[in-house]
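# Topology and contacts: notes
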Amino acid sequence: MPIRTGAAYVNALRDRRRVVLDGRTVADVTTDPAFRGTVASFAGLYDMQAAPGNRDLMTFETDTGHRVNRAWQLPTSLQDLVERRQAIEAWSALTFGWLGRSPDHLATALGGLMMGDAVMAAHDPARAAAFRDYFTYARDRDLFVTYVIQNPQADKSRSPSAQARDVVLHVVDEDAAGITVSGAKMLGTSTVMADEVFVGNIQPLKPGEGAYALSFALPVSTPGIVLLSRRSYEAGVTSAFDYPLSSRFDENDAVVVFEGVKVPWERVFVHGDVAAARAQWHETPTHVYQNYQSQIRLKVKLRFLLGLARRIAEVNGTAGMPQVEAVLARLATEAAIVEGMVAGMEAAGRRFGPYFVPSAHLLYAAQTYTQDLYPRFVNTIRDLAGGGVIMLPSSVRDLEDPEIRRHVEATQVSSATDALGRVGVMKLAWDALGSEFASRHVQYEMFYAGASYVNHANVNRTYDWSAATALADAALALSPRPAVPDRLDLSQGEAAE
Ligand SMILES: Cc1cc2nc3c(=O)[nH]c(=O)nc-3n(C[C@H](O)[C@H](O)[C@H](O)COP(=O)(O)OP(=O)(O)OC[C@H]3O[C@@H](n4cnc5c(N)ncnc54)[C@H](O)[C@@H]3O)c2cc1C
């Protein structure tokens with residue numbers, strides 16, 4: 001099979017998937033104004049990997065003789081890991097890090113689960129075999145898979161089976177052909193534009209909640225799957241000039257509803273086993289590996305934002321002011337910390353069987369650091385921008401009218417560029433920092449891998465506390481406890497009174 005191209009990806013999306021938006025069913029996501037710009041961006045990723053000059057950077061040959069994206073590669077050495085990262089980074093650079101759930105994200109997650117095959121086989125050999133076959137199937141077709149692993153936000157004080165209504169996806173039936181599932185999962189990012197969706201459960205389950213302990217994968221077009229899209233930011237743009245990011249990278253998020261969906265056994269990877277439902281994330285490399293991909297993407301996005309911050313300061317003539325130089329230096333330091341952490345995850349990687357995987361602790365530390373960093377980073381650049389991101393023509397239409405354009409050109413002034421140059425920088429800045437698209441990105445970076453309390457637990461779980469406390473204890477041991485005279489026995493005195 002040739003390297004997957006954008007055209008092959010777009011053609012595959014023309015199926016019977018059920019996507020609803022604004023009270024209607026979307027007929028074709030590849031042409032609908034709510035999605036087409038972003039579909040084209042995903043197609044651009046596939047075209048880039050298929051370009052002959054990018055063959056070795058972006059793809060590798062599988063043991064079955066297919067050339068597919070390097071994200072599917074299971075690294076056995078530090079060099080493999082670094083080469084994979086370079087491919088992920090090159091794809092991220094094409095979208096400036098704004099597509100969180102690009103196809104390399106799930107290729108990475110599924111690779112992590114594949115590396116954990118022995119762990120999963122110990123739980124259920126038949127289900128592990130089904131996953132091995134699925135991995136080969138998805139990898140050899142270079143499929144765009146997304147995932148829904150979080151339950152709909154309902155009552156957080158209750159477990160899935162105790163919600164007021166039966167909202168969480170669960171098994172309702174099973175027979176010789178497979179299982180039948182009903183219920184919902186919280187948010188499928190990019191699912192509207194993907195080939196397949198991987199469905200799992202990453203939240204804690206109680207003993208007896210086996211019906212919720214499941215994972216499987218299906219084509220998005222499977223009968224019974226309904227995607228309830230959030231508002232499309234892409235549909236709301238006036239032009240790509242006004243919204244350079246929203247118009248191209250609105251990857252979409254959708255509640256995924258399953259109405260009596262049949263899942264054949266060959267697509268069921270965890271079934272009824274609460275321990276296996278957890279093990280697939282945390283006892284295999286899956287969770288660390290998938291979020292390592294996210295940190296690679298994020299470091300590209302921070303680099304982009306840093307470049308934007310510098311352009312904003314230049315346009316405003318503030319770049320040389322000592323206070324602004326200090327702000328830029330702090331932003332550059334924070335971006336460098338993230339770059340350093342990604343390099344550190346690789347350098348401090350560990351063996352997992354024959355594989356070489358990133359450091360779990362450095363990954364979770366980076367996760368915790370960046371979910372806190374991102375809103376601050378954005379806010380700092382907003383502070384640099386001032387009102388210039390608001391002092392803008394309402395849309396490109398203003399520029400098409402010569403009289404209005406004269407006023408715009410007279411009022412948009414910069415020593416670094418011309419009027420349209422200033423407008424372009426500030427429109428890009430608003431789309432990255434203040435638009436509805438930008439605001440969704442703040443929420444995304446804060447939550448895509450779990451709320452902060454979840455990441456804190458992962459940091460504490462993976463940090464080498466014994467090494468840290470051993471040092472503290474060694475320091476305590478340097479000074480032996482001083483001898484203290486025995487306490488006076490006051491009871492006798494009290495008795496005498
Ligand atoms: C833009 C976006 C895209 C997403 N894409 C995907 C996707 O592609 N696939 C997918 O599976 N999921 C996706 N998600 C879901 C994401 O994984 C969840 O949002 C995340 O795990 C947090 O869960 P929650 O939203 O239910 O928040 P909650 O867990 O309800 O947390 C919200 C806040 O409530 C408080 N809180 C809740 N529970 C506790 C507790 N036990 N202890 C202390 N404090 C608590 C904390 O203050 C916390 O910050 C996406 C989310 C967003 C915002």
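In this report, the structure presented in the accompanying data block is examined.

The rules behind each value
- Residues numbered from 1 in each chain as written.
- Predicted model: local features only at pLDDT ≥ 70, side-chain atom pairs only at ≥ 80, totals over all residues.
- Heavy atoms only, no water.
- Helix = DSSP H or I, 4+ residues; strand = E, 2+ residues; numbered from the N terminus.
- Lys, Arg positive; Asp, Glu negative; His and termini not counted.
- Charge placed at Lys NZ, Arg CZ, Asp CG, Glu CD.
- Axes fitted to C-alpha atoms, helices over the stretch in contact; angles between N-to-C directions.
- Parallel < 35°, antiparallel > 145°, perpendicular 65-115°, else oblique.
- Left-handed = near helix turned anticlockwise from the far one by under 90°.
- Contact = heavy atoms within 4.5 Å.
- Nonpolar A, V, L, I, M, F, W, Y, C, P; charged D, E, K, R; others polar.
- Near = heavy atom within 4 Å.
- Polar contact = N/O pair within 3.5 Å; in protein donor to acceptor, adjacent residues only side chain to side chain.
- Areas by Shrake-Rupley, 256 points an atom, 1.4 Å probe, with all protein chains shown as cover.
- 1 Å grid on protein atoms, 1.4 Å probe; cavity = no way out; pocket = protein on both sides within 12 Å on 5 of 7 lines; lining within 4 Å.
- Sits in = over half its atoms within 2 Å of the grid points.
- Pairing = 2+ DSSP bridges.
- Core = buried A, V, L, I, M, F, W, Y, C linked by side-chain atoms within 4.5 Å.
- Buried < 20%, exposed > 50% of the residue type's maximum accessible area, 1.4 Å probe, protein only.

### Quick notes on the overall build of the protein
If you tally the helices and strands in the protein, you get 19 helices and 14 strands. The dimensions of the protein, computed from C-alpha atoms along their principal axes, are 105 × 70 × 50 Å. Distance from the positive charge centre (48 side chains) to the negative charge centre (56 side chains) of the protein: 3 Å.

### Regarding the packing of helix H5 (residues 103-115) against helix H7 (residues 125-140)
Between H5 and H7, the shortest axis-to-axis distance is 10 Å and the interhelical angle comes to 140°. When the axis of H5 is compared with that of H7, the two are oblique. Here the hand of the crossing between H5 and H7 comes out left-handed. Where H5 approaches H7, its residues Leu110, Gly111, Leu113 and Met114 are matched on the opposing element by Phe131, Arg132, Tyr134 and Phe135. Looking at the contact of H5 with H7 residue by residue, the classes come out as six nonpolar, one polar and one charged.

### Focus on the site of the ligand
In the region of the ligand, 20 residues are neighbours, and Ile149, Gln153, Lys156, Leu187 and Thr189 sit closest. Here Lys156 contributes a side-chain N or O atom positioned 2.8 Å from an oxygen atom of the ligand. Contact between the ligand and Tyr453: a nitrogen atom at 3.2 Å from a side-chain N or O atom of the residue. Considered on its own, the ligand offers 950 Å² of accessible surface; in the complex 72% of this is hidden by protein. One can see that the ligand is located within the largest pocket. Listed by contribution, the elements that provide at least two residues to the shell around the ligand are strand S5 (145-148), strand S7 (178-189) and helix H16 (436-447). Of the residues in the shell around the ligand, the class split is 10 nonpolar, six polar and four charged.

### Topic: the sheet that holds strand S8 (residues 196-199)
Strands sit in the order S5-S8-S9-S12 across an open sheet of four strands; the sheet is mixed. Sheet topology places S5 and strand S12 (268-271) at the edges, where each strand pairs with a single neighbour. Neighbouring strand axes in the sheet, compared pairwise and without regard to direction, differ in orientation by 20° on average. Relative to S8, S5 runs parallel, the two being bridged by four bridges. Bridge pairing in S8 places Tyr147 opposite Phe198. Running over the sheet, H5 touches S5 and S8 and is turned about 70° from S5.

### Here we look at the packing of helix H10 (residues 286-315) against helix H15 (residues 419-433)
Where H10 contacts H15, the axes come no closer than 10 Å and their chain directions differ by 140°. Compared by their axis directions, H10 and H15 come out oblique. Note on packing geometry: the crossing formed by H10 with H15 is left-handed. Where H10 approaches H15, its residues Phe304, Leu305, Leu308, Arg311, Ile312 and Val315 are matched on the opposing element by Arg422, Val425, Met426, Leu428, Ala429, Ala432 and Leu433. Residues that form the contact of H10 with H15 fall into these classes: 11 nonpolar, no polar and two charged.

### Some thoughts on the nonpolar core
Counting residues in hydrophobic clusters, the biggest one holds 84 residues, and the most contacted among them are Tyr9, Phe35, Val181 and Leu305. Ranked by residue count, the leading element in this core is H10, at 10 residues. Listed in part, the 54 residues of the second largest apolar core include Val119, Ile149, Ala279 and Tyr364.

### Things to note about the side chain of Asn458
For Asn458, the position within the fold is in helix H17 (residues 452-462). Given a relative accessible area of 5%, Asn458 falls into the buried group. Among residues more than four places away in sequence, those in contact with Asn458 are His282, His287 and Tyr364.

### Notes on the environment of Thr25
Here Thr25 is to be found in strand S2 (residues 24-25). The sequence separation of Thr25 and Asp175 amounts to 150 residues, and the corresponding C-alpha distance is 32 Å. Contact partners of Thr25, with chain neighbours within four places excluded, come to Arg18, Val19 and Val20.

### Here's the deal with the sheet that holds strand S10 (residues 225-229)
Within a sheet, neighbouring strands are paired by backbone hydrogen bonds and run either parallel or antiparallel to one another. The strand order across the open sheet formed by six strands is S2-S1-S10-S11-S7-S6, and the pairing between neighbours is mixed. Lying at the two open borders of the sheet, with one neighbouring strand each, are S2 and strand S6 (170-174). Bridging between strand S1 (residues 18-21) and S10 involves three bridges; their strand directions are parallel. Residue pairing for S10: Val19 is matched across the bridge by Leu227.

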